[in-house]
Each structure stands twice: as C-alpha cells, then as structure tokens.
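So you can see what is in the structure, the chains are spelled out below.
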Amino acid sequence: MSSNQTVSTTADRSPLVQSNRARWTVRIIGCTAAVATAFTVWLGLWVTPPDQVQGNLVRLVYIHPGVAWVALYLAFGLAAVSSLLYLWPRTRSLFWDRLAASAVEVGVVFNVCTLISGSIWGRPTWGVWWAWDARLTSTAVLLVLFLGYLALRRVPAEPDVRAKRSAFVAIFASVDVPIVHFSVLWWKTLHQGATVLNPNLSPTIHGSMAWTLLLGFVALTLVFVWMLLVRYRVGVLEDFLGTGELDLALLERQAEGVALDEGDVAVATGVANASDAPLQPGAVDELALPEGAR
Amino acid sequence: MWHDTILVAGKDLRIEARSRVALSQVAPFGIVALVLFAFALGPDRSLMAKGAPGLFWVAVLFCTVLAIQRSVSVESVDGARDGLRLSGLDPAGLFLGKSAAVAAQLVVLEVVLGLGVVLLYGANVEVPWLIIASCLLGTIGLAATGTLYGALSAGLRVRETLLPFLLLPIAAPVLLAGTRIWQAAMAGGTPADGSQWLRLLVIFDAVYVALGVVVYGPIQESA
C-alpha cells in the first residue's frame, strides 16, 4: 500500500529507532543499569557500615553525589554542547536538537532528585529542609532555567524553528550558570561567615564505602544513558507521528475523493472491503510506529 | 552598525515619547509594587530600610519585564518586524538600538523607583556613586538579556507568560549584585565592598551584549 511506503521511508532515517542492533544496545544498557543500581542499593543499605558521626544517614551519600553529577554536569553539559552543535551550520541536524531536548528532560528529573535527596539529608543534619547555601541555590536556579527551556519547547512550532529557538535558550542559560554560581557563592560568603556545611561532617571515605560510592556513580550514569536513549527514541517517534498522521490524513482525504468518484460502482458491487479501505481504526498505530515500538 | 543603533533607538524612544506607556503605566506600576512591598513587610521602618535594596531591584526586574513586553509589542503589529528585517539594518545595530532604548527607559524608571525607596522606606544612601554605577551596569545587563529573550519570544502566542519565566532566572545575578552594591552604599562602606559585585555586573553585561551582537540576526530569522 502506498501509504505504508510513505510512512516507513521517513522512519528509516533514524537508525536508533529502526535498527535491531541499536534496540538491543539500549536494552543491554538498561539491564546493566538496573543490575548496577541493585548492587548499589544492596551495598549501600546492607554491606557498608553506618558512619561514626552521621549513622545511617551516610547512606544517602552513595546516591546524592551521583545524581547531582548526572544532572549538573552530564545532562546539562550535554545539552549545552548539543545545542552548540545544532547552531553550528556544519553540524546542524535535528539529531543534536533531539539529543539536547532529551538530555534536558532527563537532567531536570535528576536535578529534582538532587534537590530532594539533598533536602532529606539536610533536615536531620542541618535541622532545615532548605538552606540558602551557595550550591543549593545555584542548583535551584539551574532547575528553573531549564524548566524554562522545556516550557519553550512545548510551544508548538516547526521543528527547525523550535530547534533553533531552544538551542539559543540552552546557550543563554548555560552561559548564565557560572555567573549565577559565583554570585550565589559570594552572596553566601558575604551574608554569613560560618556556613552550615561543617567540613567535619563529611565522612572519611574508605574501603567498602568508597567502592559503593564509585559504583553509585557508574550506576546512575548508566541509568542516565539509558533514559537518554529511550527519551531520544520517543522524541523521534513523536515527531514522526506528527508527520505520519498528516500523511495519513491527506491520503484518507484523497481516498475519499476517489471513493466518491467510484462510489456508485463500489457500493453496488460490494467491493469496498476492509483491505481496500485506506484507514481503519487503529491503522495509525500500525503504520506510524515501526517494528519494536509497539 | 552604530548608525543603525542610533536609528533604531531613536525610533523606539520616539514611539515612547508619543505613547508615554513607560512613563504613565510602567513607572506607576513600579510605585504600586513598592507600596505593596511595604504592606507585606509591615509598618516597621527599620525593616523597610533594611529590605530597600532588594525591593528596589525586584521592582526594577518587574518593570524590565513590562518594558521588554512593550518593546516587543510595538513591533508585533502591522508587520513591523518583517519591515525591520527587510530594511537591511545590521542585526547587531538593531539589537544594540533596541537594548539602548529599553535601557534609557529603565534608567528613568530607576530614578523614580530610587526616589520612591528613599522617600517611602527611608533608605539612607551614604555613597551615591556606588548606587549610580550599580544602576547603570545593571540596566545594561537587564536591557541586553531582555532584548534577547524578547526577540526569542516575539512570534509566540504565549509570549506574555513565557517571557518572565525565561528572563527572571537569567537576571538573578543582576538582582544579587545590585542588592549587595546598594547595601554597601547604604552602609557607607568603602568602594572595595562593592567592587567585586561591580566586576560581576561588568562580566554579565559583556557576556550578554556580546552574545546579542552575534546571535540577534539568527534569532530574528527563527522567530
């Protein structure tokens, strides 16, 4: 059927969506991430000893820095680089745009997790859920900046226009990050001399604790990569569904015209059976989503 | 480029001189904000004087959003944006011109708000030149970032709601630096107290003015 061909040629352009090997790579990364996370949880909750000063609270340390590393450096760094590569005329491709969007979306999730896990740690340690500490404040500002990016992306627009606009916002936000960081740092130091972050509170890391911490970083990085790839794939399918639906709607309308011309004959002879009908309920799903997406 | 800057700035300021939107709507809004802050803090005058620097800058930020909305909306009707693009003016000049017009209006607003803070909150300014320097540098940064985001959101139907959300977090360093410099100026501190923050403002201004000069053309095309 001609409609099927139109749709599938669009899908072939994205190897990550179509190729078998890519799908398996994503699955393997996902499984490795799950196993690594499970190991981290096991080591963090059962194997490692409680800290002398902080007791069981230290167990958050296996997760919190890893989550923060993914959000603040990996995800937002990747988003900034991808946005730059999109804006650079020689490397302009929707691939970079989608990668940036996926990285920001996953990064925002990790950023929220960073703030939540930090708050949970802060409540018993500092006595407050939120301290206007330099790091906390810049992390929160970063979250708001990239929420703005996501809000802008939700505004309906042509893919190229949206990509360009979003890339600019990502660049403006990334440029702001060091300035915000320094301003908040100075703001804090000038505001009050003694900080609530007592250096003595940081546990001396050694032995099983160090390994668990390291494994936590690896596990969370894998989780990030897996989420990024899956989100990218969903992004491709979303874009594709938009164009695919339009193609289908056009074909449907054209077919209506043909059916009107041949209507008398078709109805009289009863030729119009299911296989000839250009669009059946559920046909959009079958046509628009390539193998493995269902 | 400089010629185009003067042309565009002149055009925007002429529109303002004839319509008086900033003077008759944005400035009174700023005063209303100051009064509301006072209500929120209570009648304690020492508390108001203490909060004056921050409240001044928050009011300035709100007014910036309004000024930028206005600067974008004068070009949203009658195909004025397309006209500007077709005019062959240098995009960098266009950016600098629009920023300069916004900055000029903001300076007037800041004078009004500054007087308001001194009169209403009883803020006592010991080192006036620090205040002036912070206002000038802060204004340049706010106008530059505002014009950039204004251009980005120019064609959007959700412009009014999206612009503050995008612009205000970016402008957070200006608020922090401006507030600190005001506090130093009110405490009668040495110039060294404010110089670190003045440097930060200079860096902020330089970064966003340079970005604007480079990317304003492509942004216009994408809007």
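Here, every reference points to the structure presented above.
Residues numbered from 1 in each chain as written. Chains lettered and ligands numbered in written order. Predicted model: local features only at pLDDT ≥ 70, side-chain atom pairs only at ≥ 80, totals over all residues.

## Details of the overall build of chain B
Per the secondary structure count, chain B includes nine helices and zero strands. Traced from its N-terminal end to its C-terminal end, chain B shows the element sequence α-α-α-α-α-α-α-α-α. A globule of 223 residues ought to have a C-alpha radius of gyration of about 17 Å, and chain B, at 18 Å, matches this closely. C-alpha atoms of chain B, sized along the principal axes, occupy 55 × 35 × 30 Å. Split into buried and exposed, the 223 residues of chain B put 49% on the buried side. Intrachain contacts of chain B at a sequence separation of at least 6 include 86% that bridge at least 24 residues. (Helix = DSSP H or I, 4+ residues; strand = E, 2+ residues; numbered from the N terminus. Rg over C-alpha atoms; globule rule 2.2 N^0.38 Å. Buried ≥ 20, exposed ≤ 12 C-beta atoms within 10 Å, placed from the backbone. Contact = placed C-beta atoms within 7 Å.)

## Here we look at the packing of helix 6 (residues 134-153) of chain A against helix 7 (residues 159-170) of chain B
Orientation of helix 6 of chain A relative to helix 7 of chain B, taken along the N-to-C sense of each, is 150°, at an axis distance of 9 Å. Put simply, helix 6 of chain A runs roughly antiparallel to helix 7 of chain B. At the point where helix 6 of chain A passes helix 7 of chain B, the crossing takes the left-handed sense. Residues A:Val141, A:Val144, A:Leu145, A:Gly148, A:Ala151 and A:Leu152 of helix 6 of chain A touch helix 7 of chain B, and the partners they reach there are B:Leu162, B:Phe165, B:Leu166, B:Pro169 and B:Ile170. Taken together, the residues of the contact of helix 6 of chain A with helix 7 of chain B sort by class into ten nonpolar, one polar and no charged. (Axes fitted to C-alpha atoms, helices over the stretch in contact; angles between N-to-C directions. Parallel < 35°, antiparallel > 145°, perpendicular 65-115°, else oblique. Left-handed = near helix turned anticlockwise from the far one by under 90°. Nonpolar A, V, L, I, M, F, W, Y, C, P; charged D, E, K, R; others polar.)

## Observations regarding the environment of B:Ala171
All names here are of chain B. Tracing the backbone through its elements, the reader meets Ala171 in the loop between helix 7 and helix 8 (172-186). Residue Ala171 is classed as buried on the basis of its 25 C-beta neighbours within 10 Å. The spacing of Ala171 and Tyr208 is 37 residues in sequence and 11 Å in space, taken between C-alpha atoms. If we ignore the near neighbours within four places in the chain, the residues touching Ala171 are Leu61, Leu142 and Thr145.

## Details of the interface of chain A and chain B
Facing 24 residues of chain A, the contacting portion of chain B comprises 23 residues. When residues of the side of chain A that touches chain B are traced back to their parent elements, those giving at least two are helix 6 and helix 7 (159-191) of chain A. With 17 residues, helix 7 of chain A is the largest single contributor of residues to the side of chain A that touches chain B.

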